[in-house]
Amino acid sequence: MTDDTEAQENREYWEYEPSSQPPYLTPNYKSTVIRSPNKPQYKLPRTLTETTGPLFTQDDLVADEYDLSVNAKGDAAIGSLMVMDGFVTDEDGRPAANTLIELWQANSAGKYHHLMDTRDAPGDPNFIGAGRAVTDSEGHYRFMTIKPGAYPVPNSGNYWRPPHLHLSLFGRSFMSRMITQCYFPGDPLNELDHILHGVPDADAKERLIMTFDPVVGVHEHALGYRFDIVLRGRHATPMVG
Amino acid sequence: MMTDSKTTPSAGQTVGPFFNYALLRDGENDLTADGKAAGDVIIVEGQVIDGAGGPLRDVLLEIWQANAQGRYNHPADAPANSGDRELDENFRGFGRTLTDGDGCYRFVTIKPGAVPGEGNQWQAPHIAISIFAAGLTRRLVTRLYFPGEDANDADPALSGVPEEDRMRLVGDVAEGSDNTVRFNIVLQGDGETPFFED
């Protein structure tokens, strides 16, 4: 694989465009007020520590981990079936192959499979809400799941989080590691969400909203949503000087 | 040089409070492959503390490090620049854990060797740490260095941190244990841990 050559791997990485990432202090998202560092961050030389990272392959997966819509015994979760389908690329548009994606979400009533989620909403014995996939050589991935419900954030003046899916991605290096959330097109709660709107740049925000795409759904079975992800990557051409 | 086709990376978002059932598996805080990994076994432990001075539970911590010989298990650390550093098939170098109800975490791993830096420089032994939590809008990045290492003085990343902050990146020798390194992570305020640009 040519991408594994030393020359490829050691090309310089782009730095994040600040407006494309949420600042640590986002006052509307209350718990950031005592968890965001006060001091500016220090520059880190980009060394082997940052340009390497844990790698994964399809062999790391157990069969059917992409399918959250049925439990281990094959019993169906309650909710609107949906496919989430997309491509992971780097900043120059190259496919990010063999990227581990971990997906988790609330059930269709907006409740997480977690002891600390004590909200008065029903659990679903057939839905854990966790899955994994590894991208193929084209950077493609696909999950089958159910649409999560919205849920109110306690003690927040009736602020409800819009339906969303959580995604964790590794890419090929420590630098490409990221965790994000994605949202459903047309939901009125999107406009009011403190976490989505923590992202300053309008385009970057828009890119966290999935596209409704019947083509990636399953005929008369599951709705389709498309979500493409861009990971931090190396320059297309090596930096000179 | 930027190309027309360049797209900025997708925005990060908080990991939120409810993720452990999706992201954590038993034993992922032990990097030693049941003791088969070569090198000196060490315990890295500490507490994560927020700006109100309280312990923070359910923080996702990930570590990434070289093996005992200072070699990363990744093709970018290729033989051409590896020197005498050999791969260890029993050491992957990646670990994950969650802080408990007291904000405490613990990894069992191998003391990493020194690894190459930029040009002819070498980096002191260190462990890269990613921190994700509810209330963190995206990842925080820091490094753990080891106490009593002469190489710390010349380390390029440590050198970029002002003297008064530098010591906060060096773990403490735990009392009563010769292989435990304590490293508290303070997110904000008094004793704030130095964080690096992601």
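Values in this document were obtained by computation on a predicted structure and should not be read as measured data.

Colleague: Any chance you could break down unusual backbone geometry for me, citing the residues and the numbers?
Modeller: For Glu220(A), which is not glycine, the phi torsion reads 55° and is therefore positive. One can find Glu220(A) in the loop between strand S9 (211–212) and strand S10 (223–226). Residue Glu220(A) is classed as exposed on the basis of its relative accessible area, which comes to 79%. Not every positive phi belongs to a glycine, and Asp34(B) is a case in point at roughly 55°. Assignment of secondary structure puts Asp34(B) in the loop between helix H1 (20–23) and strand S1 (41–49).

Colleague: How would you sum up the pattern of salt bridges? Please name residues and give values.
Modeller: In total, this model carries 25 salt bridges over all chains according to the counting rule given. The salt bridge involving Lys111(B) is made with Glu149(B); its shortest N-O contact spans 2.6 Å. Residue Lys111(B) is found in the loop between strand S4 (104–110) and strand S5 (115–116), and its partner Glu149(B) is found in the loop between strand S8 (140–145) and helix H2 (156–159); the two are separated by 38 residues along the sequence. Lys111(B) gets classed as partly exposed once you look at its relative accessible area, which sits at 24%. Here the salt bridges do not stand alone but share partners, grouping Glu15(A), Arg46(A), Arg232(A), Arg138(B), Arg139(B) and Asp198(B) into one network.

Colleague: A description of the interface of chain A and chain B should follow, citing residues and the corresponding values.
Modeller: Chain A puts 80 residues into the contact, and the matching count from chain B is 79 residues. Of the roughly 6900 Å² buried at the junction of chain A and chain B (both faces included), carbon and sulfur atoms supply 57%. Remark: the boundary between chain A and chain B carries eight salt bridges. Residue Glu197(B) is joined to Lys43(A) by a salt bridge in which the shortest nitrogen-to-oxygen separation is 3.3 Å.

About the criteria used
Counting from 1, residues in each chain are numbered in the order their sequence is written. In the order they appear in the text, chains get letters beginning with A and ligands get numbers beginning with 1. Restriction of local features to residues with pLDDT of at least 70 applies here, the model being predicted, together with a cutoff of 80 or more for giving and counting side-chain atom pairs; totals for whole chains, interfaces and linings are based on all residues. Only hydrogens and water are set aside when side-chain values are computed; all heavy atoms of the structure are taken into account. To qualify as a helix, a DSSP run of H or I must reach at least 4 residues; to qualify as a strand, a run of E must reach at least 2; elements of each kind are numbered from the N terminus. The rule is simple: take the accessible area with a 1.4 Å probe, protein chains only, and divide by the maximum for that residue type; under 20% is buried, over 50% is exposed, in between is partly exposed. Throughout this description, the term salt bridge denotes a Lys or Arg side-chain nitrogen within 4 Å of a carboxyl oxygen of Asp or Glu. Any pair of residues with heavy atoms lying within 4.5 Å of one another is described as a contacting pair. Accessible-area loss on putting two parts together, using a 1.4 Å probe and summing over both, is the definition of buried area adopted here.

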